[in-house]
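Observations on chain architecture
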Amino acid sequence: MSAGSPAFGAADLSNCEREQIHLAASIQPHGALLALREPELTVLQLSANTTAFLGLPAAPLGRRLADVAPEIARAIAPLLADRLDVVPAAVRVVDGPGVPLDVQVHRPIGGGVILELERAAPLDDAANRIEPALLAILGSYAVRPLCEEVARIFRGFTGYDRVMVYRFDDDGHGEVFAEEHAAGMEPYLGNRYPASDIPAIARRLYIRNRVRVVTDVHYAPVRLEPRLSPLTGQDLDMSLCVLRSTSPVHVQYLKNMAVGATLVASILVGGRLWGLVSCHHNTPRRTPFALRAVTELLAEAVGTRIAALESFVQSQAELAVRRLEQRMIEAITRDGDWRTALFDNAQTLLLPLGASGAALLFEGQTQTTGDVPGTAGLRDIGKWLDAQPRAPVIATASLVGAAPHLAGLTRVSSGVLAAPISTAPGEYLVWFRPEQVSTVTWGGDPTKPVLIGDDPRDLSPRQSFAKWNQVVEGRSEPWSPKDLATARLIGDTVTDVVLQFRSVRMLIAEDQLAQVRRQVGLSAQPVVICDPTGNIDLRNEAFDRLLPGLRGAAPRRIDHLLPYFADPAEVGRRLRDVMDNKRSWRGEVRLADGQGAGKPVLVRADPVFSAPDRVLGFVFLFNDLAERKAADAARRRFQAGIEEGSRRPAGRFDRQADLAYQAILASVVENAQLAALEIADGVDVARMPDLLESVRASVARTAAVLETLIRHASQLPPRDED
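Quick summary incoming for the structure in this document. Just so we're clear, the structure is a prediction, and the values are computed from it rather than from any experiment.

Another point: the overall build of the protein. Counting its secondary structure elements, the protein contains 20 helices and 27 strands. Out of the 722 residues belonging to the protein, those deemed buried represent 55%. Within the protein, counting contacts between residues at least 6 apart in sequence, those at least 24 apart form 62% of the total. When the accessible surface of the protein is split by element, carbon and sulfur atoms take 52% of a total near 31300 Å².

This is the structure in structure tokens:
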């Protein structure tokens with residue numbers, strides 16, 4: 001336990017964010033828990049109710065499971081060959097006198113095996129309803145309609161009185177993004193809750209343990225005996241335990257909301273916690289294993305679909321940017337300048353980012369469209385941007401918060417998003433959003449999350465959940481990750497065009513050679529400029545970094561660079577074609593790196609004309625394709641992983657169960673493959689491998705949950721409970 005972290009149950013509202021909630025040392029009383037030593041499966045710890053729960057004559061501490069519960073020992077034996085440290089397995093057991101049990105099995109950090117036992121509910125048709133639900137998720141065309149559909153699906157499956165889809169923003173605050181509830185209940189839709197309502201430790205557990213339940217907020221916890229694990233000498237790590245007791249602070253929170261039972265499923269997108277599906281019931285409600293497995297499976301599909309929808313929006317933005325790039329290149333040829341194409345259609349620049357105005361700060365001049373500050377204000381913003389750490393984009397939704405001296409610009413430029421377009425100071429493409437004076441509805445006063453009475457027992461979180469309205473000023477609509485990625489893409493494109501433009505000017509305007517040479521030389525993109533005969537006029541430091549072998553060398557001609565390529569003959573042929581025929585070349589080549597295939601780069605070679613029949617020289621731009629190649633490799637690994645993960649484990653199911661498994665998994669794989677297509681077309685190439693890996697991991701997790709669910713459902717149905 002880290003210093004200053006209160007033990008489970010010892011936290012108050014001042015330190016509950018550090019409470020060790022995974023070390024609960026107790027469970028909810030509707031089940032029982034056994035912690036076993038492998039391989040003999042000796043009982044080392046148990047919940048205090050185990051003896052009564054299993055109808056044993058004495059506590060089984062120190063005894064082998066096979067001796068005290070042979071049916072359970074036989075049933076779990078086939079499961080122990082699996083790792084069981086990420087996704088627990090489950091099996092249905094008829095113990096002793098015929099009382100059916102659901103047994104969930106996993107391996108905790110620290111070793112051993114944990115068994116969680118619950119009275120089994122009658123088998124229902126939940127598994128048979130999965131495929132239609134997956135198809136509804138797959139058919140959603142945007143994030144909000146998807147979340148509305150998810151709220152309906154989850155309420156239909158679980159029967160809880162209220163189901164909310166809860167989305168987190170960049171600051172960790174949550175918003176009820178979609179909701180379904182029983183008639184007569186107060187709606188929470190649109191309410192926001194502060195980040196402090198969900199401590200960081202709880203958020204980490206939401207990623208590891210995807211479904212949590214509280215069956216009765218008025219439960220009396222059942223302690224573990226002994227409290228400390230004999231394997232580790234410490235509290236048992238209960239991170240994956242479904243029976244784990246819930247923090248007393250959270251229980252009080254639920255009581256203050258008049259909630260009787262909860263089920264919460266995590267939605268992960270790209271490996272991060274995007275939101276939650278939170279189900280509340282007014283009275284106690286127990287959710288059996290099969291239904292929990294279904295909710296986990298559906299939540300995984302929702303996360304994958306959100307990844308696809310967000311990536312689709314980004315790919316559409318990329319297409320618009322590529323069209324903009326083409327128009328700028330054409331404008332250089334037609335008008336000798338690229339800025340006319342950038343500003344000839346305001347919506348082309350503003351719409352992809354939802355901006356109300358934009359400004360180009362370039363070579364001491366400003367050019368604008370839409371609603372922007374005056375020239376003096378723009379220059380002040382440029383100076384502020386120069387003072388920020390260098391980054392691909394700089395963004396704030398509250399300029400007055402980030403730069404109080406610019407408070408006078410709040411009305412039109414509360415939101416600022418800037419992309420540097422060169423290494424020179426003061427050169428940016430900047431987008432603006434106006435101040436959005438708004439009333440934010442919070443579920444309780446966010447400035448008063450704690451109410452403390454004279455008696456410490458009166459301490460409780462947020463006793464009033466009445467709507468509390470806060471007027472927010474000095475802020476714009478926040479910039480989304482998609483906005484940042486789009487701005488970076490546009491900025492990179494303009495940077496390329498600026499470099500191309502300056503390279504042309506260097507060849508045309510000799511009187512500006514020194515200044516332009518310095519600007520081109522400092523560019524982060526590798527460039528080589530040569531005269532009409534192939535003599536190198538300039539190669540910048542970025543190009544030298546691309547070819548480390550050049551350091552200390554001084555190649556005088558463009559063809560002197562050929563030995564640095566993996567296929568010098570082919571590159572030489574291409575260069576001769578460019579120079580002899582005076583035409584452009586776009587192609588992928590590989591640099592010799594002494595390691596086989598070579599480092600991939602994209603070459604853009606263009607002749608520069610001063611007249612239709614006169615060439616001043618040639619400009620060669622290089623782009624490192626390592627990130628793109630890594631993304632392509634990730635895409636291939638993803639496809640191979642999907643194909644491997646979709647193969648049925650041989651001999652695990654009967655024919656009927658096999659058909660059910662394959663039908664559901666086919667929908668899961670289709671959802672994943674569509675998401676992969678959108679991700680592969682997305683804006684952020686650097687994030688692509690991680691996003692694809694998160695989708696592949698989601699499919700693997702879903703397949704594991706599905707296999708457990710189908711195996712569980714294919715067993716003989718238990719007798720109905722009285």
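More follows now that the structure is in view.
This next bit is on the packing of aromatic side chains. Throughout the structure, instances matching the rule amount to five aromatic pairs. Ring centres of F177 and W274 lie 6.5 Å apart, and the angle between their planes is 80°; this geometry places the pair in the edge-to-face category. One end of the pair, F177, is in strand β8 (residues 174–181); the other, W274, is in strand β13 (residues 272–281), and 97 residues separate them in sequence. Among the residues examined, W274 registers a relative accessible area of 3% and is labelled buried. Seen in terms of ring centroids, F543 and F622 are 5.0 Å apart; in terms of plane orientation they differ by 50°. Their pairing is tilted. In this pair, F543 is assigned in helix α16 (residues 541–546) and F622 in strand β27 (residues 614–624), connecting sequence segments 79 residues apart.

Below, the discussion takes up the packing of helix α4 (residues 130–138) against helix α5 (residues 143–158). Remark: α4 packs on α5, axes separated minimally by 10 Å, with the N-to-C direction vectors making an angle of 165°. Relative to α5, α4 is oriented roughly antiparallel. Considering only the axes of α4 and α5, their crossing is right-handed. Two secondary-structure elements touch here, α4 through I130, A133, A136 and I137 and α5 through L146, E149, I153 and F157.

Right, let's talk about the pattern of salt bridges for a bit. For the structure on display, the rule yields 26 salt bridges. For D169, the salt bridge is made with R192, and the minimal N-O distance between the two is 2.9 Å. Pair noted here: D169 is in the loop between β7 (162–168) and β8 and R192 is in strand β9 (residues 192–193), with a separation of 23 residues, a long-range link. Overall, the relative accessible area of 18% leaves R192 in the buried class. Three or more residues joined by partner-sharing salt bridges are found here, namely R210, E296, E300 and R701.

Moving on: helix α6 (residues 200–208). Burial in α6 covers these residues: I201, A202, R203, L205 and Y206. Residues of α6 that are buried sit in contact with β7, β10 (211–214), β12 (261–269) and β13.

What follows is about the sheet that holds strand β14 (residues 357–362). Pairing in this open sheet of five strands is antiparallel, and the strands run β15-β14-β18-β17-β16 from one edge to the other. The open sheet has two edge strands with one neighbour each: β15 (365–370) and β16 (394–396). For this sheet, the mean angle separating the axes of adjacent strands, direction not counted, is 10°. With six bridges connecting them, strand β17 (residues 415–420) and strand β18 (residues 428–433) associate as antiparallel partners. Bridge assignment links V416 to a residue of β18, and that residue is F432. Here helix α11 (residues 375–386) sits on the sheet and contacts β14, β15, β16, β17 and β18; the angle it forms with β18, its principal contact strand, is near 115°.

This part takes up the nonpolar core. Among the nonpolar cores identified, the biggest contains 75 residues, and F154 and L298 are the most heavily contacted of them. It is helix α8 (residues 289–335) that provides the largest number of residues to this core, a total of 13 residues. Listed in part, the 29 residues of the second largest apolar core include A355, F362, W479 and V494.

This paragraph deals with the environment of A73. By the secondary structure assignment, A73 is in helix α3 (residues 70–76). With 32 residues separating them along the chain, A73 and L41 place their C-alpha atoms 8.4 Å apart. If near-sequence neighbours (up to four positions away) are discounted, A73 is found in contact with L65 and A66.

The next point concerns helix α20 (residues 688–713). Relative to the 38 Å expected for 26 residues at 1.5 Å per residue, α20 spans 37 Å between its end C-alpha atoms, a close match to the ideal helical length. Within α20, 19 of the 26 residues are buried, leaving the element largely enclosed by the surrounding structure.

When you line up the elements, D235 lands in the loop between β11 (222–225) and α7 (248–256). Here the side chain of D235 touches R227 through a polar contact of 2.9 Å, side chain to side chain. Leave out the neighbours within four places in its chain, and D235 touches L23, A25, R227 and L228.

Turning our eyes to something else, we now look at the environment of L138. Within the element layout of this structure, L138 appears in helix α4. Its relative accessible area of 13% is what places L138 among the buried residues. Taking the C-alpha atoms as reference points, L138 and V668, 530 residues apart in sequence, are found 9.1 Å from one another. If near-sequence neighbours (up to four positions away) are discounted, L138 is found in contact with R305, E670, N671 and L674.

Applying the stated rule across the entire model yields five cavities of 30 Å³ or more. In this structure, the largest cavity occupies an estimated 220 Å³ of space. P88, Q104, N209, F289 and E296 are, among the 17 residues lining the largest cavity, the residues nearest its centre. For the lining of the largest cavity, the secondary structure elements donating two or more residues are α8 and α20. Broken down by element, the residue count for the lining of the largest cavity peaks at four residues, all from α8. Here the residues of the lining of the largest cavity are counted per class, giving nine nonpolar, three polar and five charged.

Checked against the element boundaries, R286 lands in the loop between β13 and α8. Sequence-wise, R286 and D216 are 70 residues apart; in three dimensions their C-alpha atoms are separated by 8.0 Å. One polar contact links the side chain of R286 to the main-chain carbonyl oxygen of R119, over a distance of 3.0 Å.

Burial analysis of strand β2 (residues 31–37) places six of its seven residues in the buried class, which makes it a mostly covered element. Bridge analysis of β2 against strand β6 (residues 113–119) gives six bridges, and the strand direction is antiparallel. Looking at the pairing, L36 lines up with V113 of β6. Bridging between β2 and strand β3 (residues 42–47) involves four bridges; their strand directions are antiparallel. Residue pairing in the sheet places A35 in a bridge with Q45 of β3. Between β2 and the antiparallel strand that follows it, β3, lie four residues; L41 among them carries a positive phi value of about 60°.

Each value, and the rule that gives it
- Residues numbered from 1 in each chain as written.
- Predicted model: local features only at pLDDT ≥ 70, side-chain atom pairs only at ≥ 80, totals over all residues.
- Heavy atoms only, no water.
- Helix = DSSP H or I, 4+ residues; strand = E, 2+ residues; numbered from the N terminus.
- Buried < 20%, exposed > 50% of the residue type's maximum accessible area, 1.4 Å probe, protein only.
- Contact = heavy atoms within 4.5 Å.
- Areas by Shrake-Rupley, 256 points an atom, 1.4 Å probe, with all protein chains shown as cover.
- Phe/Tyr/Trp six-rings, centres within 6.5 Å; stacked < 30°, edge-to-face > 60°.
- Axes fitted to C-alpha atoms, helices over the stretch in contact; angles between N-to-C directions.
- Parallel < 35°, antiparallel > 145°, perpendicular 65-115°, else oblique.
- Left-handed = near helix turned anticlockwise from the far one by under 90°.
- Salt bridge = Lys/Arg side-chain N within 4 Å of Asp/Glu carboxyl O.
- Pairing = 2+ DSSP bridges.
- Core = buried A, V, L, I, M, F, W, Y, C linked by side-chain atoms within 4.5 Å.
- Expected span 1.5 Å × (residues − 1).
- Polar contact = N/O pair within 3.5 Å; in protein donor to acceptor, adjacent residues only side chain to side chain.
- 1 Å grid on protein atoms, 1.4 Å probe; cavity = no way out; pocket = protein on both sides within 12 Å on 5 of 7 lines; lining within 4 Å.
- Points joined across faces, edges and corners; volume = space filled by probe spheres on them.
- Nonpolar A, V, L, I, M, F, W, Y, C, P; charged D, E, K, R; others polar.

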